[in-house]
Amino acid sequence: MDWQYTPYTLPLLLSTAIGLVVVVYAWRYRTTPGVKPFIILVLATAEWSLTYVLELAYPDLPTKILWAQIQYVGIVLVPTMWFLFTLHYTDQRKWLSPRYLILLSIEPALTLIMAWTSLYHEFLWIHLRREFLGDFAILGLDHGPWFWIHTLYSYTLMVSGMFVIYREGIRLPRAYRNQTRIILASAVVPWGGNILYLTGLNPFPYLDLTPFFFLLMGLILAWGLLRYQILDIVPVARDTVIEGMDAGIIVIDSQNRVVDINPTAQRIINRPADQVIGQPGRKVFEKYGDLVRQFGSVSEAREEITIGPEDNPQAYDLQISTLHDRNEQPTGRLIVLHNITERKRAEAELLEAKEIAEAANQAKSEFLANISHEIRTPMNGIIGMTELILSTRLNTEQTEYLNLVKNSAQNLLTVLNDILDFSKIEAGKLELDPTDFHLTQVLENTVKLFTPNAQEKNLDLTCHVHPEVPNALIGDSVRLCQIIINLMSNAIKFTHRGGITLTVEKQSDEQTDLTLHFSVADTGIGIPPEKHTTIFQAFEQADMSTTRQFGGTGLGLAISAQLVHMMDGRIWVESEVDKGSTFHFTATFEQVKPIESKGSESPPLNRPGLHILLAEDNTVSQIIARRLLEKMDCTITVVENGIQAVEAFAQGSFHAILMDGQMPEMDGLEATALIRQKERETDTHIPIIALTAHAMAGDQERFLDAGMDAYLTKPLNSEKLIEVLNKLIQA
């Protein structure tokens, strides 16, 4: 295929190249309104120019016709994209709906069809032939009726877009008008060449001059982009953006003169624009002399200020920032005023409500702390004395009665613990304590707790752990046990026949993390579907009458849900009324190498014959602690307050101190501080163990921060006491 070199190639190629450069530069502003249709517009002019080069370059008629047909892609896009660009640029959103866009695309689509089927009809072109311009072959054609329809449509879009830009542009401040003029000039230039072509005034017959004028259009756009940043800001959309803003906008030039002000700012300073624009800032804001002195020369600032009459002052967030030109030289300042009066009022109301809520929360915490202390102290006596009596020789009837007393006390203690745990969760102070543990041992001990109750109700109680579940894990076994106990307790409570099954299987295994799936299935009364979610909320039960029939606080499942969440798992229920329930939950643990099982028996005291100082004012608690320690072959000295504890420490030789928190004359915290002070003089340290009924959120931290080494709550548990003594006192 031959190629003819024409003198018209170079300007058309330059036009294409400049168009592509403009597109690349404009791409970084693609998020600015109107830039995307602008980019397509410039690409369409580049395509029009390049395909015209190829039409002129090939001498044979079929190839020229082919490139003329391809050229129509750019020809139909240019006026359409220009009009869309102007609508975006001026923020004429009602004309940008899908309906109007479809109507706008009908004529361009039909024109493309006419161009690509032109060999079969004469709607667009009547005669297609080769003509010669000097020694060069060009495409000669006579226009059909559809060509003039398309021309009229294109000029309608071009003129409409120019009118929209002009109408909005004349209302802009002087600083923005140059940008508008550049956009209008770039649109007018190429259509000058098109008019020469259409009217027959063309000095080069059959040569379409429109693409040649795209070269000048590209140069104008490039100049506008670099010199006036016509895409940095969309000034024409200012009418709907800046003018309609709730914030006050004031622009001040480098000479401290006001060059622009929006209606909101006019209302704030109570002066119209024609009395403000062009005036020195000190004259415009003469009513606000203090503000002028404070911010008159600053380039960057943010402050909360008050403007307005004394009987109705308004609070504003004042922001001042420097404006720069394209060379990063300061050209003025932008002042933005946001009315924050309502926000300040809401903040004040919120602060007042917060203070009231904090006071109420503090009162609730103090109430729970007192209740906890007052209940735990007698509970320590009931449970402790019951255990001591059970360790003596009793007949069967006495043992049965005492076990009932012990179980009732343990149930009451469970209710108390639920309330305290829920209080810790609300305060965000409940934390997990991960340690090494054997899963099978935890499950075995847990299931054993419910064996008597299951046998009493003639229920089957089974536990199934899938073989792939590892035994040695790291996690909070105490809280895991608490979740299972809550679910098993409910299952036993609401099941009258059949049985309960605890199942554990592996859900996922990723490196050291392991997620296990636990389920507790029963054949009990079931739960209605609408209650499947609410039962995990605090104080909620499937039927509030169950509180009277079966007992319970409605906190167990809420606490379990929170604990499961802390273990990176989830909890849910599957249940049908009268067909039973299955509670599921997942929890994530760390895998470790197998550890030796410690067995279910409590470990012995590593070092018998210890001399323990007990500071305790409650007589029952003294007896219980004394008997427990004597059973461990320990010697015990009892004092009744902190003063006596400090004196006994100074006079005697003890291996450890059990320190009550609340005592007359001097409490345990004060006594610990005095003991630690004396130890600093002798460079010694005696283990001090808090033994207290204070079990609220933050109490443990409070006792440990006071200098104590460990923290035990009442009722006193002998296994935990042995564990702490073994840990603190080396054999």
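To be clear, the structure that these remarks concern was listed above.
Read on for an overview of the structure.

Calculation rules
Residues numbered from 1 in each chain as written. Predicted model: local features only at pLDDT ≥ 70, side-chain atom pairs only at ≥ 80, totals over all residues. Heavy atoms only, no water. Helix = DSSP H or I, 4+ residues; strand = E, 2+ residues; numbered from the N terminus. Buried < 20%, exposed > 50% of the residue type's maximum accessible area, 1.4 Å probe, protein only. Pairing = 2+ DSSP bridges. Axes fitted to C-alpha atoms, helices over the stretch in contact; angles between N-to-C directions. Salt bridge = Lys/Arg side-chain N within 4 Å of Asp/Glu carboxyl O. Expected span 1.5 Å × (residues − 1). Patch = residues over 30% accessible without salt bridge, like charges linked within 9 Å, V, L, I, M, F, W, Y side chains within 5 Å. Areas by Shrake-Rupley, 256 points an atom, 1.4 Å probe, with all protein chains shown as cover. Lys, Arg positive; Asp, Glu negative; His and termini not counted. Charge placed at Lys NZ, Arg CZ, Asp CG, Glu CD. Contact = heavy atoms within 4.5 Å. Phe/Tyr/Trp six-rings, centres within 6.5 Å; stacked < 30°, edge-to-face > 60°. Lys NZ or Arg CZ within 6 Å of the ring centre and 35° of its normal. Parallel < 35°, antiparallel > 145°, perpendicular 65-115°, else oblique. Left-handed = near helix turned anticlockwise from the far one by under 90°. Nonpolar A, V, L, I, M, F, W, Y, C, P; charged D, E, K, R; others polar. Core = buried A, V, L, I, M, F, W, Y, C linked by side-chain atoms within 4.5 Å. Polar contact = N/O pair within 3.5 Å; in protein donor to acceptor, adjacent residues only side chain to side chain.

**What to know about the overall build of the protein chain**
Counting secondary structure elements, the protein chain contains 22 helices and 19 strands. Buried positions account for 45% of the 731 residues belonging to the protein chain.

**Quick look at the sheet that holds strand β7 (residues 330-339)**
The strand order β4-β3-β7-β6-β5 describes an open sheet built from 5 strands, whose pairing is antiparallel. Edge positions in the sheet fall to β4 (258-261) and β5 (301-307), since each of these pairs with one other strand and no more. Taken pair by pair, the neighbouring strands of this sheet meet at an average axis angle of 25 degrees, ignoring direction. With 3 bridges joining them, strand β3 (residues 248-253) and β4 adopt antiparallel strand pairing. Within β4, the residue paired with Ile250 across the bridge is Ile261.

**Considering the pattern of salt bridges**
If you walk through the whole model with that rule in mind, you get 11 salt bridges. The partner of Glu304 in a salt bridge is Lys344, and the shortest N-O contact between them spans 2.9 Å. Placement of Glu304 in strand β5 and of Lys344 in helix α12 (residues 341-390) is noted, with a sequence separation of 40 residues between them. Looking at Glu304, the relative accessible area reads 45%, which means it is partly exposed. Given a relative accessible area of 32%, Lys344 falls into the partly exposed group. Residues Glu576 and Lys579 are paired through a salt bridge, measuring 3.6 Å at the closest nitrogen-oxygen approach.

**Examining helix α2 (residues 35-57)**
For α2, with 23 residues, the first-to-last C-alpha span of 33 Å sits near the 33 Å given by 1.5 Å per residue. Extensive coverage of α2 is indicated by the burial of 18 of its 23 residues.

**Some words on a negative patch on the surface**
A surface patch of negative charge is lined by Glu510, Asp513, Asp568 and Glu590. Residue placement: Asp568 occurs in the loop between α17 (556-566) and β13 (571-576). The class for Asp568 is exposed, based on a relative accessible area of 63%.

**Observations concerning the environment of Ala137**
Relative to the assigned elements, Ala137 resides in strand β2 (residues 136-143). Sequence separation of Ala137 and Leu56 is 81 residues, and the distance between their C-alpha atoms is 7.4 Å. When neighbours within four sequence positions are excluded, Ala137 is seen to be in contact with Gln4, Leu56, Pro59, Lys64, Arg130, Glu131 and Phe132.

**Thoughts on the packing of aromatic side chains**
Under the defined criterion, the tally for this structure stands at 12 aromatic pairs. Note on Phe38 and Phe85: the rings are 5.6 Å apart at their centroids and 50 degrees apart in plane angle, and the pair reads as tilted. Linking Phe38 in helix α2 with Phe85 in helix α3 (residues 61-89), this pair joins segments that are 47 residues apart in sequence. The two residues Phe38 and Phe85 agree in class, both being buried. For the ring pair Tyr72 and Trp125, a centre distance of 5.7 Å and an interplane angle of 70 degrees mean the geometry is edge-to-face. Here Tyr72 is found in helix α3, whereas its partner Trp125 is found in strand β1 (residues 125-133), with 53 residues between them in sequence. This pair shows no difference in class: Tyr72 is buried, exactly as Trp125 is. Here the aromatic residues Phe437, Phe518, Phe585 and Phe589 are joined through ring pairs into a cluster of three or more. One Lys or Arg, Arg99, reaches over the ring of Tyr100 and ends 5.9 Å from the middle of that ring. Here the guanidinium or amino end of Arg702 rests over the ring plane of Phe703, the centre of that ring lying 5.0 Å away.

**Here we look at the packing of α2 against α3**
Orientation of α2 relative to α3, taken along the N-to-C sense of each, is 160 degrees, at an axis distance of 8 Å. By the angle between their axes, α2 is roughly antiparallel relative to α3. Remark: the crossing between α2 and α3 carries left-handed chirality. Each residue belonging to the contact of α2 with α3 can be placed in one class, and the counts come to 20 nonpolar, 5 polar and 3 charged.

**Concerning the nonpolar core**
In this structure, Phe38, Tyr72, Trp82 and Leu124 are the most contacted members of the largest nonpolar core, which totals 47 residues. Sorting the residues of this core by element identifies α1 (9-27), α2, α3, α4 (98-116), β2, α5 (145-169), α6 (174-199) and α7 (210-227) as the ones contributing at least two each. Broken down by element, this core gets its largest block of residues, 13 residues, from α3. When neighbours within four sequence positions are excluded, Trp82 is seen to be in contact with Leu41, Leu157, Met158, Gly161, Met162, Ile183 and Ala187.

**What to know about a nonpolar patch on the surface**
A contiguous nonpolar surface patch, about 660 Å² in accessible area, is contributed by Trp95, Tyr100, Ile102, Leu103, Ile106, Leu110 and Ile113. Take Ile113: it is sitting in helix α4.

**Quick word on the sheet that holds strand β18 (residues 688-692)**
Spatially, 5 strands are ordered β16-β15-β17-β18-β19 in an open sheet, and the strand pairing comes out parallel. One side of each edge strand has no neighbouring strand; the edge strands of this open sheet are β16 (635-639) and β19 (710-713). With direction set aside, neighbouring strand axes in the sheet form an average angle of 20 degrees. Strand direction decides the pairing type here: β18 and β19, joined by 4 bridges, are parallel. Following the sheet pairing, Leu691 is matched in β19 by Leu712. In this fold helix α18 (residues 619-631) packs onto β15 (611-615), β16 and β17 (656-659), with an angle of close to 165 degrees to the strand it touches most, β16. With respect to the sheet, helix α19 (residues 642-651) is in contact with β15, β16 and β17, its orientation differing from that of β15 by roughly 160 degrees.

**Re the side chain of Glu616**
Note on placement: Glu616 falls in the loop between β15 and α18. Glu616 gets classed as buried once you look at its relative accessible area, which sits at 1%. A polar contact of 2.9 Å, which involves the side chain of Glu616, links it to the backbone nitrogen of Asn618. Beyond its immediate sequence surroundings of up to four residues, Glu616 is in contact with Ser621, Gln622, Val639, Glu640, Asp660, Met663 and Lys714.

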